[in-house]
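Residues per chain, in single letters:
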Amino acid sequence: MSKPGQSLAPQQARSRESLGKLLKAAIEVLGQHGLAGTTIPRIAAHAGLTPGAVYRRFRNKEVLLETAILRVFEDQDKVLRLSFSAEATAGIPLPTLAEQVINSLVISYRVNARLLRALRQFLQENEGTPFWKKASKLEVRTFEYLVAIFVANRSEIKHTDPRSAVALGLVMIIGTLWEVAVNPGDVKLWKGLLPKDDRSLKRELVHSFLGYLGVAQNS
């Protein structure tokens, strides 16, 4: 006869796997169909579950999306820390580091534009709630880590206030990506005014960022 603990561990593992699958499905549906088109039946079908199985875990769509979105922010923070660890970036010249980070940001914002719009809409609709506060703290924590990576190379930064300059420079980059990649509007109206492709966009963002920091650049 098996002991209770022997059967509990596999059950817990299956439960975690099932939850992870469900949260992943919720985010994928959100990115594909937007906030209005994200429904429990659609999420359940995407996860290979019945709507009843979803409701047994989450009482409604809002609670499910809150959990899924917080997981996204947590995973985003983990990926950043693994991809740009303090040890790995310590010996990288700041211009090279800027190119790597900005390249990653441009790709991420371009590929995930629809999901980012849906995430922002959900956050705005829940402003001031405990969920919103927790999500905001996670976003700030990730942003502060990104700032710290650059400030660690402060000897190359000639701006009088390196930390504030890096933070504002990154905010300007992210703001640009929101306007150009996430919410571009009628792109035909902007033709000839903005970089013609993402390669040019990355180059100009790197140039602007380094110039603002006062970092020497290759001609």
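Keep in mind that what you see is a predicted model, and the values were worked out from it rather than measured. (Residues numbered from 1 in each chain as written. Predicted model: local features only at pLDDT ≥ 70, side-chain atom pairs only at ≥ 80, totals over all residues. Heavy atoms only, no water.)

(A) Layout of the layout of surface pockets. Within this model, the largest pocket holds a volume of roughly 1100 Å³. For the largest pocket, the lining is made up of 33 residues, of which Q76, S108, Y109, L116 and T142 are closest to its centre. The set of elements that each furnish at least two residues to the lining of the largest pocket consists of α1 (4-33), α4 (61-83), α6 (94-111), α7 (113-125), α8 (130-151) and α9 (162-182). A total of 9 residues in the lining of the largest pocket trace back to one element, the largest contributor, which is α4. (1 Å grid on protein atoms, 1.4 Å probe; cavity = no way out; pocket = protein on both sides within 12 Å on 5 of 7 lines; lining within 4 Å. Points joined across faces, edges and corners; volume = space filled by probe spheres on them. Helix = DSSP H or I, 4+ residues; strand = E, 2+ residues; numbered from the N terminus.)

(B) Seen up close, the packing of aromatic side chains. Here the structure, examined in full by the defined rule, presents 3 aromatic pairs. Note on Y109 and W178: the rings are 6.4 Å apart at their centroids and 80° apart in plane angle, and the pair reads as edge-to-face. Placement of Y109 in helix α6 and of W178 in helix α9 is noted, with a sequence separation of 69 residues between them. Like Y109, the residue W178 is buried in the burial classification. Consider the rings of F122 and F131, whose centres lie 5.4 Å apart with planes at 70°: the pair is edge-to-face. (Phe/Tyr/Trp six-rings, centres within 6.5 Å; stacked < 30°, edge-to-face > 60°. Buried < 20%, exposed > 50% of the residue type's maximum accessible area, 1.4 Å probe, protein only.)

(C) Just the nonpolar core, in detail. The biggest cluster of nonpolar side chains holds 65 residues, and the ones touching the most others in it are L64, F150, V166 and F209. The set of elements that each furnish at least two residues to this core consists of α1, α2 (40-47), α4, α6, α7, α8, α9 and α10 (198-213). Considering every element that reaches this core, the biggest residue donor is α9, with 10 residues. Sequence-distant contacts of L64, that is, excluding residues within four places in its chain, are made with L22, L23, A26, I40, I43, V54 and F58. (Core = buried A, V, L, I, M, F, W, Y, C linked by side-chain atoms within 4.5 Å. Contact = heavy atoms within 4.5 Å.)

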